[in-house]
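So the chains spell out like this:
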Amino acid sequence: MLKGVPASMGYAIAPILKIDRQTIDTTKFTVKNIKTEIAYLHEAIDKTVSQLEALKLKNDQTFDHETSSIFDAHIAIAKDPEVIKQVEDKIIKETCNVAYAVKSVVLKVVDMFKDIEDEYLKQRASDLLEVSDRIIKNHLDIEMIDLEKIDHEVILAAHEITASEAAMVNPKYVLGFLSEVGGKNSHSSIIARLLGIPALVGVKDLMKHVKNDEKVILDAEEGKLIRSYTNDLESFYQNKITNYVLEKHKLESLIGVKPYTTDGHHVELLANIGSYQDVKYAKKQNAYGVGLFRTELIFLDRYELPSEDEQYHEYKKVLESFHPQPVTIRTLDIGGDKPLPYLKHQDELNPALGIRGIRFSLVKDDMLKTQLKALLRASIHGHLKIMFPMISTKEEFVKVKRMVKNIEKELIEDNINVGSYELGVMIEVPSAALIADQLASVVDFFSIGTNDLIQYTLAADRLNSKLEYLNQPYHLSILRLIHMVTTAAKKANIKTAVCGEMASDPIAACLLIGLSVDELSMTSSSIVKVKDKILKNSYEDLVKLSHKILSLTSDIAVVHQLKKHIK
Ligand code: PEP
Ligand code: MG
């Protein structure tokens, strides 16, 4: 049995089809005619752009905007004038061949991103490599594997499955994806989820172990690839596949249902998004609004700071899409382990405890001011809630609130309209939770970021996989802090949301409701699963259960109680 990281849930039983990468020769050699070489470069780029446009067209008929935008991004990369100019310069300066020039320029760009622990940026680097490989293959006339032609059931196995490969497959025949590299947010993983194909990434030495035509069981719920099994185990999994399909259809039927508990308590379920591109799927899942817009993605996915206008248009589109429902936009949460590649950050000994989130914004207040201006200008287009990350003292919030009010005054003086908006804070540092009563007197809302709250309360770096055992959402310290926050919020008559991963877990979500959390914000695909649980439980029982849990002594006992009582 091999293990991997589940990137798209589900089960499959089918023979393996390995897709091995052809090696591409990018050795440097001297060319005779620079002009011809540059003409070859443009030929290869044109061919690549037409192939990508054809793939996008095909994709538009099958998928939605989310995957279509992957191809838009790839086309933009292939046409990027800055990169093309660098390749041309290299060919001219070194009288070298296209394949070498493209590869070395791209590797230099990718190298800029290599130390950044950000899934999204890593994806951008992998997009750049994928597109440049396509350009080189087109130049060298290397034929690409035609996955569209697969006409019998298989599970694909590869070192890496690229976005364009994933988008080419027919889910009727390709029943699963397996790869040695890639993350949950790789484009091929996103496509796998859209196609409903189970996928495992990070399967170590996969290509060394599996053989073509070998029949395997893929269990992407538990992250297992089972290679030898009995008939009984196979029938056990056949049953799971049948039940899984039935359950999926049942959950889809809940999209239009309102999230009320059996005794009529209403809980708002909102979406976490990273850009306007995520809005369509969030709306499809019937998200009430946006509970967390992580704006850092607009800043990370590029080579320079986004202008006030660019930001304004992005915020405007999201606000308009959900109008009149709320959209909570978090100001830039950058620094620490999430540096911007194009800004100079000072090295810090302890980045997670360093200049990140609001601390960074207060140091680089020109960036925060630009963002706030864009946000206030966009406020006339919908129900805007501005949220500040990593607040650890009341003074930090008072300072940014003053800044917002000054910017609003300046805009009005310049005859620019500003609509109404709310100002809130993320509660993700224990000090903020412990002074929630004082913060509640100055803010309009709270949103608990359980990912960081757990990291800082249990003093366990969330990026350190060896400390995964301390990622304990049910630790009494966390539940007590959450309860303190909701108690203070209720007293001050303001609302508390949870936008960390805990809100996406149906069982944990029930516990949060019992602890008086008003709103839950999560990845859109979790909304129906959480709703399913809300519809089966009574608010009164959840409140009783959570209060009982607050007096327990271990998180194991908490899990036991939750499993026993939550329906
Ligand atoms: C959190 O910390 O829970 C949160 C939602 O913010 P992020 O995951 O972006 O740090
Ligand atoms: Mg956080």
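These numbers come from a predicted model, not from an experiment.

Caption draft 1: Local environment of the coordination of the magnesium ion (ligand 2). Here the magnesium ion (ligand 2) is held by the protein donor atoms E428 (OE) and D452 (OD), which lie 2.1 to 2.2 Å from it. Linking E428 in the loop between β13 (421–427) and α16 (430–434) with D452 in helix α18 (residues 450–457), this pair joins segments that are 24 residues apart in sequence. D452 matches E428 in its accessibility class, with the two residues each being buried.

Caption draft 2: View of the site of ligand 1. In the neighbourhood of ligand 1, 13 residues make up the surrounding shell, with R294, R330, G449, N451 and R462 lying closest. Taking T450, its main chain carries an N or O atom lying 3.1 Å from an oxygen atom of ligand 1. A distance of 2.8 Å is found between an oxygen atom of ligand 1 and a backbone nitrogen or oxygen belonging to N451. Protein coverage of the free-state accessible area of ligand 1, which is 290 Å², stands at 97%. Listed by contribution, the elements that provide at least two residues to the shell around ligand 1 are β10 (290–294) and α18. The greatest single-element share of the shell around ligand 1, amounting to 3 residues, is contributed by α18.

Caption draft 3: Highlighting unusual backbone geometry. P324 follows H323 through a cis peptide bond whose omega is 5°. Among the structural elements, P324 can be located in the loop between α12 (308–322) and β11 (326–330). Even without glycine at this site, T95 takes up a positive phi of about 40°. Here T95 falls in the partly exposed class, since its relative accessible area comes to 27%.

Caption draft 4: Molecular detail of the packing of α12 against helix α14 (residues 365–378). Two elements in contact, α12 and α14, have axes whose closest approach is 8 Å; the angle formed by their N-to-C orientations is 40°. Judged by the inter-axis angle, α12 sits oblique to α14. By crossing handedness, the relation of α12 to α14 is classed as right-handed. Residues E308, D309, Q311, Y312, Y315, K316 and L319 of α12 touch α14, and the partners they reach there are T370, Q371, K373, A374, L375, R377 and A378. Counted by class, the contact of α12 with α14 contains 6 nonpolar, 3 polar and 5 charged residues.

Caption draft 5: Structural context of the domain arrangement of the protein. Taken domain by domain, the protein comprises domain 1 (2–21 + 146–233), domain 2 (34–140) and domain 3 (268–565). Each of domain 1 and domain 3 has a C-alpha centre, and these two points are 34 Å apart.

Caption draft 6: Local environment of the pattern of salt bridges. Within the structure shown, the criterion is met by 22 salt bridges. The residue D205 makes a salt bridge to K208 at a minimum N-O spacing of 3.9 Å. Judged by relative accessible area, which is 33%, D205 ranks as partly exposed. Here K208 falls in the exposed class, since its relative accessible area comes to 65%. In this structure, the salt-bridge partner of R330 is D333, at a minimum N-O distance of 3.5 Å. Each member of the pair R330 and D333 is classed as buried. When salt bridges with common partners are traced through the structure, they connect E296, R330, D333, R356, D452 and R462 into a single cluster.

Caption draft 7: Layout of the sheet that holds β10. The 8 strands lie next to each other as β9-β10-β11-β12-β13-β14-β15-β16, forming a closed barrel whose pairing is parallel. Averaged over neighbouring strand pairs, the angle between their axes works out to 25° when direction is ignored. In terms of strand pairing, β13 meets strand β14 (residues 445–448) through 4 bridges, oriented parallel. Residue pairing in the sheet places G424 in a bridge with F445 of β14. In the packing of helix α21 (residues 527–536) onto the sheet, the strands contacted are β9 (268–273) and β16 (519–522), and the crossing angle to β9 comes to about 160°.

Conventions adopted
Sequence positions are assigned chain by chain, starting from 1 and proceeding in written order. In the order they appear in the text, chains get letters beginning with A and ligands get numbers beginning with 1. Local features in this predicted model are restricted to residues of pLDDT 70 or higher, and side-chain atom pairs are both shown and tallied only at a pLDDT of 80 or more, whereas totals for entire chains, interfaces and linings draw on every residue. The basis for the side-chain values is all heavy atoms of the structure; hydrogens and waters are excluded. For Na, K and Ca the donor cut-off is 3.2 Å; for every other metal, N, O and S atoms count as donors within 2.8 Å. Water does not enter the count, which can leave sites looking incomplete. Each helix is a run of H or I in the DSSP string that is no shorter than four residues. Each strand is a run of E no shorter than two, and both are numbered from the N terminus. Accessibility here uses a 1.4 Å probe with only protein chains present; expressed as a share of the type maximum, an area under 20% marks a residue as buried, one over 50% as exposed, and anything in between as partly exposed. A molecule or strand has a residue near it when one of that residue's heavy atoms lies within 4 Å. Whenever two N or O atoms come within 3.5 Å, that pair is a polar contact, provided that in protein one can donate a hydrogen and the other can accept it, and provided that, for residues adjacent in sequence, both atoms are side-chain atoms. Each accessible area is a Shrake-Rupley estimate made with a 1.4 Å probe; only the visible protein chains count as cover when residues are assessed. Fitted lines through C-alpha atoms serve as axes, helices being fitted only where they are in contact, and the angles separating the N-to-C directions of these axes extend from 0 to 180 degrees. Roughly parallel here means an angle under 35 degrees, roughly antiparallel means over 145, roughly perpendicular means 65 to 115, and every remaining angle is called oblique. Take the far helix as your reference; a near helix turned counterclockwise from it by less than a right angle gives a left-handed crossing, and one turned clockwise gives a right-handed crossing. By definition in these notes, contact holds between two residues if any of their heavy atoms fall within 4.5 Å. Throughout, the ten residues Ala, Val, Leu, Ile, Met, Phe, Trp, Tyr, Cys and Pro are labelled nonpolar, Asp, Glu, Lys and Arg are labelled charged, and all others, Gly among them, are labelled polar. Just so you know, the domain bounds were taken from an automatic or database domain assignment. Any carboxyl oxygen of Asp or Glu that lies within 4 Å of a side-chain nitrogen of Lys or Arg is treated as forming a salt bridge with it. Only strands joined by at least two bridges in the DSSP assignment are considered to pair.

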